[in-house]
Amino acid sequence: MSTIRGARERARIEVAAAIKDEAREQLAAEGAAKLSLRAVARELGMASSALYRYFPSRDDLLTALIVDAYDAVGEAAEGALPNAGDAPGPYPARWVAVACAVRDWALAHPHEYALIYGSPVPGYSAPRDTVGPASRVGLVLMGLVRDAHRTEGLAVPPLAAELRPEAARMAAGLADDLPPAVVVALVAAWAQIFGLVSFELFGQFNRLVEAREPLFRRAVHELGRSVGLLDGRPAGAAS
């Protein structure tokens, strides 16, 4: 019986993957707002009622696609960090490598990037299932800054007086082991990295920026400086 159950589970996984692959084709052709379970079922030669056993609604299918996309870009960011035993390199270089991995993934998967960082899908409200996957890139950046703070120290950026209560609140909720000014700068840098990627992917750089990768690297390097990562900072420097 366990062999039969295993075969059934493998078959279910394969069908669900085929449904999501076809749905991604629809995203590329029509956009998320026009995603249709009936159209997906028709292209796969399935009855709509059979597809509903895998994804009861369009929103369930959208959520699965969104989680997959967040996990994929998160894996790309995590994969940019050095493996255990490898020479890690300076923290600013690691910061840039993570951001470039995000950009590379976005350029290779523009429709999936648009699904998670483009215009909201009308009528769709993301459930809590998406929160963890959506946090993966931010957690990579935060972990990198945390490691730098612990091992080398950070050049803590200035913090405007009107931001101090918000900075304290954010630090308490996100990273109470980091200076509040760093947490504010980190959240701003995280948003700006994706802003740069979105400008490139959605055409705002057309007829304006040609050397886009060098611009991205330079801008991301400066964002690393804004959170306190400094090239050549000596070990044990005051934070």
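These numbers were taken from a predicted model, which means no experiment stands behind them. Along every chain, residues carry numbers that run from 1 in the direction the sequence is written. Side-chain atom pairs in this predicted model are given and counted only at pLDDT of 80 or more, local residue features only at pLDDT of at least 70, and totals for whole chains, interfaces and linings cover all residues. Each side-chain value is worked out from all heavy atoms of the structure, with water and hydrogens disregarded.

J.: How should I be thinking about unusual backbone geometry in this particular structure?
T.: It is generally the case that most residues other than glycine have a negative phi and that most peptide bonds are trans. The backbone of arginine 207 shows a phi angle near 60 degrees, a positive value even though the residue is not glycine. Comment: elements are numbered from the N terminus, with helices defined as DSSP H or I runs of at least four residues and strands as E runs of at least two. The topology assignment puts arginine 207 in the loop between helix 10 (180-201) and helix 11 (212-226). The buried label goes to any residue with under 20% of its type's maximum accessible area, the exposed label to any with over 50%, and the partly exposed label to all in between, with areas taken from a 1.4 Å probe on protein chains only. When its relative accessible area of 85% is taken as the criterion, arginine 207 is described as exposed.

J.: How should the packing of helix 5 (residues 91-108) against helix 10 be read in this particular structure?
T.: For helices, the fitted line uses only the C-alpha atoms of the stretch in contact; every axis is such a line through C-alpha atoms, and the angle between N-to-C directions lies from 0 to 180 degrees. Orientation of helix 5 relative to helix 10, taken along the N-to-C sense of each, is 35 degrees, at an axis distance of 10 Å. Considering the relative orientation of helix 5 and helix 10, their crossing is right-handed. Taking contact as the criterion, the partners of Trp95, Ala99, Val102, Arg103, Ala106 and Leu107 in helix 5 are, on helix 10, Leu186, Ala189, Ile193, Phe194, Val197, Glu200 and Leu201. Class assignment of the residues belonging to the contact of helix 5 with helix 10 gives a composition of 11 nonpolar, no polar and 2 charged. Left-handed describes a crossing whose near helix is turned anticlockwise from the far helix by less than a right angle; the clockwise case is right-handed. Should any heavy atoms of two residues lie within 4.5 Å, those residues are considered in contact. The nonpolar class holds Ala, Val, Leu, Ile, Met, Phe, Trp, Tyr, Cys and Pro. Asp, Glu, Lys and Arg form the charged class, and all remaining residues, Gly among them, are polar.

J.: Looking at this model, I keep getting lost on the packing of aromatic side chains. Mind explaining?
T.: The way to describe two aromatic rings as a pair is by their centre distance and the angle between their planes. Each aromatic pair joins two rings of Phe, Tyr and Trp (for Trp, the six-membered one) with centres within 6.5 Å, and gets the label stacked for planes under 30 degrees apart, edge-to-face for over 60, and tilted for any other angle. Taken as a whole and assessed by the stated rule, the structure comprises 6 aromatic pairs. Where tyrosine 70 meets tyrosine 117, the ring centres are 5.9 Å apart and the plane angle is 85 degrees; that geometry is what we call edge-to-face. Of this pair, tyrosine 70 sits in helix 4 (residues 58-79) while tyrosine 117 sits in helix 6 (residues 110-117), placing them 47 residues apart in sequence. Residue tyrosine 117 is classed as partly exposed on the basis of its relative accessible area of 23%. Joined through ring pairs, the aromatic side chains of Tyr70, Tyr113, Tyr117, Phe194 and Phe202 make up one cluster. Charge over a ring is defined by NZ of Lys or CZ of Arg lying within 6 Å of the ring centre and within 35 degrees of the ring normal. For arginine 94, the ring lying beneath its charged end belongs to tyrosine 91, and the centroid distance is 3.9 Å. For the cation-ring pair, arginine 103 lies above phenylalanine 216, with the distance from its terminal atom to the ring centre recorded as 5.8 Å.

J.: Would you mind showing me how to read the side chain of glutamate 112 here?
T.: Of note, glutamate 112 is situated in helix 6. Exposure remark for glutamate 112: the relative accessible area of 18% places this residue in the buried category. Ignoring anything within four residues of it in the chain, the contact list for glutamate 112 reads Arg24, Ala69 and Trp105.

J.: In this structure, what is going on with the environment of valine 67? I would like to understand it.
T.: Following the sequence through the fold, valine 67 ends up in helix 4. A residue is classified by how much of its surface remains accessible, and valine 67, at 17% relative accessible area, is buried. Sequence-wise, valine 67 and aspartate 147 are 80 residues apart; in three dimensions their C-alpha atoms are separated by 27 Å. In contact with valine 67, not counting residues within four places along its chain, are Asp129, Thr130 and Pro133.

J.: So what exactly am I meant to see when it comes to the pattern of salt bridges here?
T.: Pairing of side chains with opposite charge becomes possible as their charged atoms draw close. Any Lys or Arg side-chain nitrogen located within 4 Å of an Asp or Glu carboxyl oxygen qualifies as a salt bridge. A complete count under the given rule lists 15 salt bridges for this structure. In this structure, the salt-bridge partner of arginine 24 is aspartate 68, at a minimum N-O distance of 2.8 Å. Pair noted here: arginine 24 is in helix 1 (residues 2-30) and aspartate 68 is in helix 4, with a separation of 44 residues, a long-range link. Since its relative accessible area comes to 21%, arginine 24 is described here as partly exposed.

J.: How should helix 4 be read in this particular structure?
T.: Residues spaced three or four apart along an α-helix point in a common direction, a consequence of the helix completing one turn every 3.6 residues. With 22 residues, helix 4 ought to run about 32 Å at 1.5 Å a step, and its terminal C-alpha atoms sit 31 Å apart, in line with that. For helix 4, every residue scored as buried is listed here: Leu61, Leu62, Thr63, Ala64, Leu65, Ile66, Val67, Ala69, Tyr70, Val73, Gly74 and Ala77. Helices are assigned an expected span. That span is 1.5 Å times one less than the residue count.

J.: Looking at this structure, how should I read the environment of leucine 163?
T.: One can find leucine 163 in the loop between helix 8 (136-151) and helix 9 (164-174). Assessed through its relative accessible area of 35%, leucine 163 is described here as partly exposed. Each C-alpha atom of the pair leucine 163 and tryptophan 190 lies 18 Å from the other, and the pair is 27 residues apart in sequence.

Geometric values such as these leave the question of function open.
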